[in-house]
Amino acid sequence: MEEINICERPIAVIDSGMGGLSVLKVLREVLPGENYIYFGDSANAPYGEKDGDEVKEITDRNIAMLSEMGAKAVVIACNTATSVAVREVREKYKNIPIIGMEPAVKPAAMCAKHPTVLVMATPLTLMREKFRSLISRYEDKADFINVPCHGLVELVEKGVVEGEEMDNCLEQILTPYLNGRSVDAVVLGCTHYIHVKDSIQRFVGANATVFDGALGTARETERRLAEMGLLNQSHGKGNLTVLNSSPDPRLIELSNKLLNK
Ligand code: DGL
């Protein structure tokens, strides 16, 4: 049998469900010639309400499966899984580049003179040492309001990204933390929230700049693949396979809908 050229093998993009599609979208703009497998782990969502060890185990299992399927690289398009597992999985899967995500705290902290920055993330991300040490590097440059956004991922997994139900959820989550205060910047520290960007922008007002890590992650993926000689040089558009751990066929439909939004 003819061996497939390693550069033509797919990049695997993983998340707890619909969130990583927001990163996949940008990856396909930055690296259109690559082939992709998207694996949404909706059967285990939300990761952000789970115990760290459990998310670590799940992430390890998913990477093992995708590496078996021939992935040449893995993008963990999930801030939560990155914060708990990236170090260990990089150690374990040394022959595959693994690209993770982290909340875009740095550009937000630098966007104005001592800005007030709202950081929206999952409860698990906010609890981790990785996040605390990231924040501590910019603490003298900005005032941070860190908000664990309970319930937001669940709504996105149901396909709700705008409208009254979403607005009510944002109000419930954010009002106690903002307490009438205005913010200069918002960090979307969970890839699911990127799908809700318009509603969040409306809630915080047009003067706040909203940051997310999708483009940074796509560029980092390009850089890592180039460095390792793994970029797909073939011209033309690459292919995409969308998989989900849930047997519910509506989740594949929803994935395609969010990808084409
Ligand atoms: N989308 C994921 C993130 O970026 C996690 C969502 C969840 O399952 O809680 O953090």
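The rules we used
Residues numbered from 1 in each chain as written. Predicted model: local features only at pLDDT ≥ 70, side-chain atom pairs only at ≥ 80, totals over all residues. Heavy atoms only, no water. Helix = DSSP H or I, 4+ residues; strand = E, 2+ residues; numbered from the N terminus. Polar contact = N/O pair within 3.5 Å; in protein donor to acceptor, adjacent residues only side chain to side chain. Contact = heavy atoms within 4.5 Å. Axes fitted to C-alpha atoms, helices over the stretch in contact; angles between N-to-C directions. Parallel < 35°, antiparallel > 145°, perpendicular 65-115°, else oblique. Left-handed = near helix turned anticlockwise from the far one by under 90°. Nonpolar A, V, L, I, M, F, W, Y, C, P; charged D, E, K, R; others polar. Buried < 20%, exposed > 50% of the residue type's maximum accessible area, 1.4 Å probe, protein only. Pairing = 2+ DSSP bridges. Near = heavy atom within 4 Å. Areas by Shrake-Rupley, 256 points an atom, 1.4 Å probe, with all protein chains shown as cover. Core = buried A, V, L, I, M, F, W, Y, C linked by side-chain atoms within 4.5 Å.

Chemist: Help me out: how do you make sense of the side chain of Lys72 in this one?
Modeler: Mapped onto the fold, Lys72 is located in the loop between helix 2 (52-68) and strand 3 (73-76). Within the structure, Lys72 has its side chain in polar contact with the backbone oxygen of Cys7 (distance 2.7 Å). The residues contacting Lys72, other than those within four sequence positions of it, are Ile6, Cys7, Arg9, Pro10, Ile11, Glu34, Ile96, Pro97, Leu225, Leu230, Leu231 and Asn232.

Chemist: Which parts of the structure should I look at to understand the packing of helix 8 (residues 164-178) against helix 10 (residues 197-204)?
Modeler: Any two packed helices are characterised by how steeply their axes cross, that is the angle between the axes, and by the distance between the axes. Taken N-terminus to C-terminus, the directions of helix 8 and helix 10 make an angle of 45°; their axes are 11 Å apart at the nearest point. By the criterion of interaxial angle, the relationship of helix 8 to helix 10 is oblique. Taken as a pair, helix 8 and helix 10 cross one another with a handedness that is right-handed. Contact residues: Met166, Asp167, Leu170, Glu171, Leu174, Thr175 and Leu178 in helix 8; Ser199, Ile200, Arg202 and Phe203 in helix 10. Within the contact of helix 8 with helix 10, the residues separate by chemical class into six nonpolar, two polar and three charged.

Chemist: So what exactly am I meant to see when it comes to the side chain of Asn62 here?
Modeler: Here Asn62 lies in helix 2. Excluding residues within four positions of it along the chain, Asn62 makes contact with Phe39, Asp41 and Tyr47.

Chemist: Would you explain the pairing of strand 1 (residues 11-15) in this entry?
Modeler: Along any regular strand, the residues point their side chains to alternate faces of the sheet. Here strand 1 lies mainly inside the structure; five of its five residues are buried. Neither face of strand 1 is exposed, since Ile11, Val13 and Asp15 on one face and Ala12 and Ile14 on the opposite face are all buried. In the sheet, strand 1 pairs with strand 2 (residues 36-40) via five bridges, with the strands oriented parallel. Residue pairing in the sheet places Ile14 in a bridge with Phe39 of strand 2. The pairing of strand 1 with strand 3 spans four bridges and is parallel. The residue bridging Ile11 from the neighbouring strand is Ala73, located in strand 3.

Chemist: What am I meant to see in the sheet that holds strand 5 (residues 116-121) here?
Modeler: Strand pairing in a sheet relies on backbone hydrogen bonds. The paired strands run either parallel or antiparallel. In space, the four strands of this open sheet follow the order 6-5-7-8, with parallel pairing throughout. With one partner strand each, in any of the chains shown, strand 6 (143-148) and strand 8 (209-211) form the two edges of the open sheet. Strand-to-strand twist across the sheet, computed as the mean angle between neighbouring axes with direction ignored, equals 20°. Pairing geometry for strand 5 and strand 6, over six bridges, is parallel. The partner of Ala121 across the bridge, within strand 6, is Pro148. Sheet strands in contact with helix 6 (residues 129-138) are strand 5 and strand 6, and its direction is about 160° off that of strand 6.

Chemist: Is there a simple way to explain the sheet that holds strand 3 in this structure?
Modeler: With respect to topology, five strands assemble into an open sheet ordered 4-3-1-2-9, the strand pairing being parallel. For this open sheet the edge positions go to strand 4 (98-99) and strand 9 (240-244), each flanked by a neighbour on one side alone.

Chemist: Please explain the site of the ligand as it appears in this structure.
Modeler: As a structural note, the neighbourhood of the ligand is formed by 13 residues, with Ser16, Tyr47, Gly48, Thr80 and His192 the closest of them. At a separation of 2.6 Å, an oxygen atom of the ligand approaches a polar backbone atom of Tyr47. Within the contact set of the ligand, an oxygen atom lies 2.8 Å away from a backbone nitrogen or oxygen of Thr191. Burial of the ligand by the protein chains amounts to 99% of its free accessible area of 300 Å². Of all the secondary structure elements, the ones that give two or more residues to the shell around the ligand are helix 3 (79-92) and helix 9 (191-194). Among the residues forming the shell around the ligand, the class breakdown is five nonpolar, seven polar and one charged.

Chemist: Teacher, can you tell me more about the nonpolar core here?
Modeler: If you look at soluble globular proteins, the nonpolar side chains tend to sit buried side by side. Counting residues in each nonpolar core, the largest one holds 54 residues, and the members touching the most others are Val13, Leu118, Met120, Leu152, Val186 and Tyr193. If one sorts the elements of this core by residue count, helix 8 sits on top with six residues. Setting aside residues up to four positions removed in sequence, Leu118 forms contacts with Ile145, Val147, Leu174, Leu178, Val183, Ala185, Val186, Val187 and Val204. Among the nonpolar cores identified, the runner-up in size contains 22 residues, and Ile63, Ala71, Val84 and Val86 belong to it.

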